[in-house]
Amino acid sequence: MSTPKTSGKIEVIAFDADDTLWVNEPYFQETEHKFCALLEDFLPHHTVSQELFKTEMENLALYGYGVKGFMLSMIETISKVTENTAGLELVNKTIALGQELLQKPIELLDGVEEVLTKLNGRYRLVLATKGDLLDQERKLVKSGLEHHFHHIEVMSDKKERDYRKLLKHLDCRAENFLMVGNSIKSDVLPVLELGGNAVHVPYHTTWAHEKVSHRIEHPNFLEAENILAVLNMLD
Ligand SMILES: [Mg+2]
């Protein structure tokens, strides 16, 4: 069976960063695990975890995505879980966990370097990511991938209107745009909605907030086994 190809003429390829180009979610999970352990005298691990997720969702519209908002949500969770009895020591330990998360090494995923090298020059390559501006900029520098990208967009969200803004900035029509990423919710659905193309490259673990349970069937959508497979989907 031949590999399915993207439809239309692709001019711009945008890559998601976290868990598409480099490891991210496992680091968040590791931090959350340590955070829950800090509070295990008060509530079981999974209950703290649920409480944290609830707090994060309540704060998302105010803080946006990224480590700093995550840190504030962890601190708020301490107050809730301990019913305001926690001392500052727990808060300090939590801040330290967040700072540690901000300084994690960048671990590129397999095939990323090869894919970007092969596509660079043939397409305009863009990095389109959510998260804290400074954190994402620092990660990109550490990744050594910066030179591949024509444009870097750190977006406050990845909804249709955010992609519409990006396309306008790039002066690119939706049908000539391809988004590659690990999140169906953020990297695929809004782009298809606009008339763009999307390739999903699944990662072994996904943040609960980004999970989508239904199957996607769309003429502009392809599922890749890994990022290297994207090369065969392009003409
Ligand atoms: Mg991602």
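Residues numbered from 1 in each chain as written. Predicted model: local features only at pLDDT ≥ 70, side-chain atom pairs only at ≥ 80, totals over all residues.

Per an unreviewed UniProt entry, the recorded name for the chain is HAD family hydrolase, and the organism is Flavilitoribacter nigricans.

Mapping Asp 157 onto the fold places it in the loop between strand S3 (151-155) and helix H7 (160-170). On the basis of neighbour counts, which here come to 15 C-beta atoms within 10 Å, the residue Asp 157 falls in the partly exposed class. Those residues in contact with Asp 157, other than ones at most four positions away along the chain, are Lys 130 and Asp 162. (Helix = DSSP H or I, 4+ residues; strand = E, 2+ residues; numbered from the N terminus. Buried ≥ 20, exposed ≤ 12 C-beta atoms within 10 Å, placed from the backbone. Contact = placed C-beta atoms within 7 Å.)

Our next topic: helix H1 (residues 25-38). Taking 1.5 Å per residue as the helical rise, H1 with its 14 residues ought to reach 20 Å, and the 20 Å between its terminal C-alpha atoms agrees with that figure. Those residues of H1 that sit buried are Thr 31, Glu 32, Phe 35 and Cys 36. Projected down its long axis, H1 carries its buried residues within an arc of 135°, all on one side. Residues His 33 and Ala 37 are exposed on H1 and point more than 90 degrees away from its buried face. The inward-facing, buried residues of H1 abut helix H2 (45-63), helix H3 (67-81) and helix H4 (88-102). (Expected span 1.5 Å × (residues − 1). Arc of directions from axis to C-beta.)

You can read the domains of the chain as domain 1 (12-23 + 106-232) and domain 2 (26-102). One C-alpha centre belongs to domain 1, the other to domain 2, and the line joining them spans 28 Å. The interface is formed by nine residues belonging to domain 1 together with eleven residues belonging to domain 2. The residue makeup of the side of domain 1 that touches domain 2, split by class, is two nonpolar, four polar and three charged. (Domains from an automatic or database assignment. Nonpolar A, V, L, I, M, F, W, Y, C, P; charged D, E, K, R; others polar.)

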